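The lines below spell out each chain.
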Amino acid sequence: MNLIIDAGNSYVKMAVFEEGNMIFSQLAEYVDFLKVFLKIKKTYPKIRKVMLSSVSKLNKTAIEKEISAAKLVVLDYTVKMPFQNLYSTPKTLGVDRLALVAGASKKYPNQNCLIIDAGTCVTYDFIDQAGVYKGGGISPGLQLRYKSLNDYTANLPQLKAAYSNILIGDSTENAIHAGVFNGFVNEINGIIEQFSNTFSPLVVILTGGDANFLSKRLKSGIFVDPNFLFKGLNYILDFNTSK
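Conventions used here
- Residues numbered from 1 in each chain as written.
- Predicted model: local features only at pLDDT ≥ 70, side-chain atom pairs only at ≥ 80, totals over all residues.
- Heavy atoms only, no water.
- Helix = DSSP H or I, 4+ residues; strand = E, 2+ residues; numbered from the N terminus.
- Rg over C-alpha atoms; globule rule 2.2 N^0.38 Å.
- Buried < 20%, exposed > 50% of the residue type's maximum accessible area, 1.4 Å probe, protein only.
- Areas by Shrake-Rupley, 256 points an atom, 1.4 Å probe, with all protein chains shown as cover.
- Lys, Arg positive; Asp, Glu negative; His and termini not counted.
- Charge placed at Lys NZ, Arg CZ, Asp CG, Glu CD.
- Salt bridge = Lys/Arg side-chain N within 4 Å of Asp/Glu carboxyl O.
- Pairing = 2+ DSSP bridges.
- Contact = heavy atoms within 4.5 Å.
- Axes fitted to C-alpha atoms, helices over the stretch in contact; angles between N-to-C directions.

Trainee: Break down the overall build of the chain for me, citing the residues and quoting the values.
Mentor: Scanning the chain from N- to C-terminus turns up seven helices and 11 strands. Whereas a compact globule of 243 residues would reach a radius of gyration of roughly 18 Å, the chain reaches 19 Å, a difference of no more than 12%. Taken along the three principal axes of its C-alpha coordinates, the chain extends 60 × 40 × 30 Å. Looking at the chain residue by residue over its 243 residues, the buried ones come to 43%. In the form shown here, the chain has an accessible surface area of approximately 12700 Å², with 51% of it arising from carbon and sulfur atoms. Taking the 26 positively charged and 20 negatively charged side chains of the chain as two groups, their mean positions are separated by 7 Å.

Here you go:
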């Protein structure tokens, strides 16, 4: 069994894999991480390998103390990858992006893939049909866009992200929803179209916390998988620990 720990910007997400299949997942606040981690360890005593992927400052010391019988892989740019990486600044490349590209290389080998991760930020990552990772883009996520309107203006309210079919807002709140949501959707659709025009045929994978929320408004033909990051991390773990 494998335990995957993904320490993101807002939460710590954990998943247990058995023979390549995800059998359990849980999200935890940072303050509750150790308690949840120990409970998972007790529930699944057959865990033998652990992957830690952290874009935050999660302290791995507590993890190391509790998994003496398991092999721990801490994901960074030096970990062996199942693809060729042409990113010019690999030290600055987010480990979450590495995992998504690895997942695409496994599930869609020998195909052009665009992976879109819609979370705190929205990231776009491209791996070509030869298994070469070229890079991508980073943009503010949906909630960040709402928050910025409140942070950098005097009178606009802080709203939560909401699915919107509104084209013309008839109030300030509706206008914010119309502008932010439609702008976000059109950004993603526009980038998909640009990649499709340049790299055809193209597989498009949508993941992240807002994946299901956004999929209703995006162009058809997109593979939606909110757990794609977990699967990529599990693949990297096996790729680096298999004999």
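Trainee: Run through the pattern of salt bridges, naming residues and quoting values.
Mentor: Enumeration over the complete set of coordinates arrives at seven salt bridges. One salt bridge connects Lys-147 with Asp-151, and the closest N-O pair in it is separated by 2.7 Å. Separated by four residues within a single helix, Lys-147 and Asp-151 lie in helix H4 (residues 142-151), roughly one turn from each other. A relative accessible area of 38% places Lys-147 in the partly exposed class. Asp-151 sits in the partly exposed class, given a relative accessible area of 40%. We note a salt bridge from Asp-225 to Lys-231, for which the minimum N-O separation is 2.8 Å. We classify Lys-231 as partly exposed; its relative accessible area is 36%.

Trainee: Tell me about the sheet that holds strand E9 (residues 132-140), and please be specific about residues and values.
Mentor: Spatial strand order, E6-E9-E8-E7-E10-E11: six strands in an open sheet with mixed pairing. In this open sheet, the two edge strands, each paired with only one partner strand, are strand E6 (84-85) and strand E11 (222-224). As paired elements, strand E8 (residues 121-127) and E9 share seven bridges and run antiparallel to each other. Residue pairing for E9: Ile-127 is matched across the bridge by Tyr-133. Helix H5 (residues 172-198) rests against strand E7 (112-118), E8, E9, strand E10 (202-207) and E11 of the sheet, and its axis sits at about 10 degrees to E8.

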